[in-house]
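Per-entry structural report
Okay, here's what each chain looks like letter by letter:
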Amino acid sequence: NNATSSEWYGQLDRRDEGLTGGTKWFDPACDVSEWDTMDVPGYWARGKPGAVNGAVWFRRDFDVPAEMIGQKARLVLGCIVDSDTVYVNGTLVGTTGYRYPPRRYEVAPGVLKEGANTIVIRVVSCSGEGGFVEDKPYHLIAGGKTVDLSGAWRYRIGAVMEPLPAEVFVRWKPLGLY
C-alpha cells in the first residue's frame, strides 16, 4: 500500500550516504577515487556488489566537443531498474519513478561545457535485480553529434534496504472481482 511504499522510500532517503553526507554524491567535486567500477549497461546483482536493494550511485566523466555546446541536448539512458535521478554537472536533468519507460531527458543549453563533464545517476532498486537494461542505447546527442556513455562507470552503494514488500492488488484476487 501507499503508506508502506512512502515509509520505505523515506527510510531510504534518510539512510542514503549520497544524500546525507557533506559533499553530495551528485556534486562533480565529490571524490570518487575510492568508488568501484562496473560496465553499463548491466545489472549489479550479476557481479559486484551483488544482489543489493536500495540506492546505488553511478558516475561517469565524459568529454563534450565544442559543436555540442549551447545546443539543446538529449540524454538517452535506455531503461533503468527500478527508478533513477540523473544529474549532469551537478544539475538535475530528470527522474523517472518506475522501471518501464525509456529514459530520455532534455539537457538545457548552458549545462554542458566544452571538454570534461560529469553525469551522475542515483538508481533505486526496490526488489530483484537493479541496473541498466542491456541492448538499449546509452548516449548524449546534441548538434548532430553523439557521445557514447556505455562502458566503465564508477559506482558506490548509498544505502542498502530490505526489498520493498510487493503490493497486494485486491482487485486481482478472486473476491476482489465482486
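Residues numbered from 1 in each chain as written. Predicted model: local features only at pLDDT ≥ 70, side-chain atom pairs only at ≥ 80, totals over all residues. Heavy atoms only, no water.

**Re the environment of Thr-4**
For Thr-4, the location among the structural elements is in helix α1 (residues 2–15). Overall, Thr-4 belongs to the partly exposed group, its relative accessible area being 33%. Spatially, the C-alpha atom of Thr-4 lies 28 Å from that of Tyr-87, the residues being 83 residues apart in sequence. Setting aside anything within four residues of it in sequence, one finds Thr-4 in contact with Leu-164 and Pro-165. (Helix = DSSP H or I, 4+ residues; strand = E, 2+ residues; numbered from the N terminus. Buried < 20%, exposed > 50% of the residue type's maximum accessible area, 1.4 Å probe, protein only. Contact = heavy atoms within 4.5 Å.)

**What to know about the nonpolar core**
Ranked by size, the top nonpolar core spans 35 residues in total, and within it Phe-58, Leu-75, Leu-77, Ile-119 and Leu-140 carry the most contacts. The dominant element in this core, judged by the number of residues it contributes, is strand β3 (residues 54–64), at four residues. If we ignore the near neighbours within four places in the chain, the residues touching Leu-75 are Val-86, Val-88, Val-93, Arg-103, Arg-104, Tyr-105, Val-107, Ile-119, His-139, Leu-140 and Leu-149. Judged by nonpolar contacts, the second largest core, of 15 residues, contains Trp-25, Cys-30, Val-124 and Leu-164. (Core = buried A, V, L, I, M, F, W, Y, C linked by side-chain atoms within 4.5 Å.)

**Thoughts on the sheet that holds strand β8 (residues 104–107)**
Strand order in this open sheet of four strands is β8-β4-β11-β12, and the pairing throughout is antiparallel. Single-partner strands in this sheet number two, and they are β8 and β12 (145–148). Along the sheet, successive strands turn relative to each other by an average axial angle of 20°, direction set aside. Both strand β4 (residues 73–77) and strand β11 (residues 138–142) contribute to a ladder of four bridges, which runs antiparallel. For Leu-75, the partnering residue across the bridge sits in β11 and is Leu-140. (Pairing = 2+ DSSP bridges. Axes fitted to C-alpha atoms, helices over the stretch in contact; angles between N-to-C directions.)

**Remarks on the sheet that holds strand β2 (residues 42–43)**
Taken in spatial order, the three strands make up an open sheet running β2-β10-β5, and their pairing is antiparallel. Two strands bound the open sheet, and with one partner strand each, they are β2 and β5 (80–81).

**Considering the environment of Leu-112**
Turning to its location among the elements, Leu-112 is positioned in the loop between β8 and β9 (115–125). Residues Leu-112 and Leu-140 lie 28 residues apart in sequence; the distance between their C-alpha atoms is 11 Å. The residues touching Leu-112, leaving out its near neighbours within four places in the chain, are Phe-62, Val-64, Ile-69, Ala-73, Val-88, Asn-89, Val-107, Asn-117 and Leu-140.

**Some remarks on the confidence of the model for the protein chain**
On average, the protein chain scores 92 in pLDDT, and the residues at 70 or more come to 93%. Considering each helix and strand of the protein chain separately, the mean pLDDT is smallest for α1, with a value of 92, and largest for strand β6 (residues 83–88), with 98. (pLDDT = per-residue confidence, 0-100.)

**Points about the pairing of β3**
Most of β3 is tucked away: nine of the 11 residues are buried. Bridging between β3 and β9 involves 11 bridges; their strand directions are antiparallel. Bridging from a neighbouring strand, Phe-62 pairs with Asn-117 of β9. For β3 and strand β13 (residues 151–160), the ladder comprises six bridges, and the chain directions are antiparallel. Looking at the pairing, Gly-54 lines up with Val-160 of β13.

**Digging into the pattern of salt bridges**
All told, the structure shown has 11 salt bridges when counted by the stated rule. Of the charged contacts in the structure, one is a salt bridge between Asp-16 and Arg-122, with a shortest N-O distance of 2.7 Å. With Asp-16 in the loop between α1 and α2 (17–20) and Arg-122 in strand β9, the pair connects residues that are 106 residues apart, well separated along the chain. As far as burial versus exposure is concerned, Asp-16 and Arg-122 are alike and both buried. Across the salt bridge formed by Arg-59 and Asp-61, the nearest N and O atoms sit 3.6 Å from each other. Taking the relative accessible area as the measure of exposure, Arg-59 reaches 8% and is therefore buried. Given a relative accessible area of 49%, Asp-61 falls into the partly exposed group. Several salt bridges share partner residues, and in doing so they unite Asp-13, Asp-16 and Arg-122 into one network. (Salt bridge = Lys/Arg side-chain N within 4 Å of Asp/Glu carboxyl O.)

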